[in-house]
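# Observations on chain architecture
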Amino acid sequence: MRRVVLLAALAVFALPAGAHAATQTIVLQSAPIAVPAYGVATSFQLIPHPQVDGYVVGMKADLVDSAGATVSPLDVMLHHVVFAKLRTPDSTCPGSLAERFYAEGEERMVMALPPGYGYANAGTDLWGLVYMLMNHHNRPESVSVRYTVTYVTGQALTPVRPIWMDVHNCTVDPIFTVPGTGGKGSTVSRSMDFRLPVSGRIVAGGGHLHGGGVRLDLTNTTCSQRLFQSLPTWGGAMPMPMMHEPGPTHMSRFETPTGIPVAAGDTLRLTAVYDDSIPHMRVMGIMILYFAPGAVGDGCSPEPPLQIDLGSPGPPTASMPLTLLRVPSGPVAKNITSTTVGDYRFGAQRVLLRIGQTFRWRFVGTVEHDVTLATGPVGIASPSMRSGSFSFRFTRAGTYNFYCSLHPAQMTQTIVVRKG
Ligand SMILES: [Cu+2]
């Protein structure tokens, strides 16, 4: 696999400055990432990027093993990868000095800009990669993120900037949890607004939802226009054992060479809609837009036709309940309202509570952990933490099975909540 990287590097270095227009396919990859047995690897690294000035016009990513062979999501699941250009402010999160310009998850979203548009890259830029990978085997794995960049040099394209719409934007772990207590057919929504500082045209975009996602709506609230709806496709083989509710296998995305005109001062709103009939833990609602700044006409303009890569939207395949990978053990604690979450274990693994009681988890680890519902009457998930505490008041009777989503094979807990 090193050979491919080298060849790719040679290809970009070999291109003299000022050469005539060329489109290349450059294959690059991250350093190896160790993913523990039945575990999660989540971190950040600097990654290679095209070494001459030009434009990214397309991108896709997958996982490969040390021999360069593609790794199936049934073995190691690519849950999230986010590519960012460092030392560049992000348009919707100006405090962060890394511009998120491409991402994908289980839906394997690709970047494909319409002809004539490109995301500028300079040889002096720095690219970073944030990743979250999950190993579905009981043995450690080593994988790399391989990414294919379609790259244009020697030609001036219309530059695009990414607009990252995220209903929990500017957080390290942009998740929320759906309680699932709304009854059959009910939904919950989260949204975020972004006021455009400059006018321009949105030329492409695509979405990211997790299990339980119904749709993502992008609207221009200033113009009362719905610009795009991203819909999930469900199905496909599920990795076993299941350590996470399966996400969509595709999310619809669009391109338009004309571009959707939006004016400075317009407010874009992203709304993520989730099913609320059963709990859905640690879910997201994200849409990446590619925006070409430039003058547009006055007022609200009609939307041009979009080329939509729809996938096969339909109802979600019946979601099977997550079973705990480790049976909680030890005596049933009947008179406690708090326990520790330490390195690779919950203090009290079996707890009996009365309805109405509040339970508190105190985090005392040297690495991050969380408390996440696997099965139970109400969706519950804490942030991932090393210290601090998380509380929940149990107002519904039943059996609540919990795990740490970062250490699912080691850390489990059952809390039974009794009526009387
Ligand atoms: Cu943990």
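Description of the structure in this document. Remember, it's a predicted structure, so these values are computed and weren't measured experimentally.

### Structural notes on the packing of aromatic side chains
- Following the criterion strictly, the structure yields 15 aromatic pairs and no others.
- On the basis of an interplanar angle of 50 degrees and a centroid distance of 6.5 Å, the ring pair of F83 and F101 is categorised as tilted. Of this pair, F83 sits in strand 5 (residues 76–86) while F101 sits in strand 6 (residues 98–105); the two residues are 18 residues apart in sequence, bridging distant segments of the chain.
- Here the aromatic rings of F392 and F394 are separated by 5.0 Å at their centres, their planes lie at 80 degrees, and the arrangement is edge-to-face.
- Under the relative-accessibility criterion, F394 is labelled buried at 0%.
- Among the aromatic residues, ring-to-ring pairing joins F359, W361, F390, F392, F394, Y400 and F402 into one connected group.
- Positioned over the ring face of Y119 is K85, at 4.5 Å from the centre of the ring.

### Points about the side chain of D125
- Within the element layout of this structure, D125 appears in the loop between strand 8 (117–121) and strand 9 (127–135).
- At 2.8 Å, the side chain of D125 forms a polar contact with the backbone nitrogen of A122.
- Those residues in contact with D125, other than ones at most four positions away along the chain, are H49, K85, R87 and A120.

### Remarks on the coordination of the copper ion
- Distances from the copper ion to its protein donors, namely H369 (ND1), C404 (SG), H407 (ND1) and M411 (SD), fall within the range 1.9 to 2.8 Å.
- Each donor residue of the copper ion belongs to the same chain, with the gaps between them written as H-x34-C-x2-H-x3-M. Note that H369 is positioned in strand 29 (residues 358–369) and M411 in the loop between strand 32 (398–403) and strand 33 (412–418), a separation of 42 residues in sequence.
- Assessed through its relative accessible area of 0%, H369 is described here as buried.

### A short note on the sheet that holds strand 28 (residues 350–354)
- Within the open sheet, the five strands sit side by side as 25-28-33-32-30. Their pairing is mixed. Sheet topology places strand 25 (332–333) and strand 30 (372–375) at the edges, where each strand pairs with a single neighbour.
- Note that strand 25 and strand 28 share two bridges and pair parallel. By the bridge assignment, V332 is partnered in strand 28 with R350.

### So, the state of the cysteines
- Tallied over the full model, the rule gives two disulfides.
- What pairs with C93 in a disulfide is C170, and their sulfur atoms sit 2.2 Å apart. In this pair, C93 is assigned in the loop between strand 5 and strand 6 and C170 in the loop between strand 12 (161–166) and strand 13 (176–178), connecting sequence segments 77 residues apart.
- Residue class for C170 comes out partly exposed when judged on its relative accessible area of 44%.
- For C223, the disulfide goes to C300, at an S-S distance of 2.0 Å. Its S-S torsion of about -80 degrees marks the bond between C223 and C300 as left-handed, since a negative value means left-handed. Here C223, found in the loop between strand 16 (213–220) and strand 17 (225–230), pairs with C300, found in the loop between strand 23 (285–293) and strand 24 (307–309); they are 77 residues apart in sequence, far enough to count as distant.
- Each bonded cysteine of the protein chain gets a number by its place in the sequence, and the pairs then read 1-2, 3-4.

What counts as what
Residue positions are given per chain, counted from 1 along the sequence in the order it is written. In view of the model being predicted, local features appear only for residues whose pLDDT reaches at least 70, and side-chain atom pairs are presented and counted only at 80 or more, with totals across whole chains, interfaces and linings using the full set of residues. Excluded from the side-chain calculations are hydrogens and water; all other atoms, namely the structure's heavy atoms, are used. Working definition: a ring pair exists when centres of Phe, Tyr or Trp rings (six-membered ring for Trp) sit within 6.5 Å. Plane angles under 30 degrees give stacked, over 60 give edge-to-face, the rest tilted. For helices the rule is a DSSP run of H or I covering at least 4 residues; for strands it is a run of E covering at least 2, with both sets numbered from the N terminus onward. To sort residues, take the accessible area from a 1.4 Å probe on protein chains only and compare it with the maximum for the residue type: under 20% means buried, over 50% means exposed, and anything in between is partly exposed. In this scheme, Lys NZ or Arg CZ marks a charge over a ring once it lies within 6 Å of the ring centre and within 35 degrees of the ring normal. Think of a polar contact as two N or O atoms within 3.5 Å of one another; within protein, one of them needs to be a possible hydrogen donor and the other a possible acceptor, and neighboring residues in sequence only count if both atoms come from side chains. Note on definitions: a residue-residue contact is assigned when non-hydrogen atoms from the two residues lie within 4.5 Å. Note that water is not among the atoms used; donors are N, O and S atoms within 2.8 Å of the metal (3.2 Å for Na, K and Ca), so sites may look incomplete. Strands are labelled as partners when DSSP assigns at least two bridges between them. The rule for a disulfide is simple: a pair of cysteine sulfur atoms within 2.5 Å.

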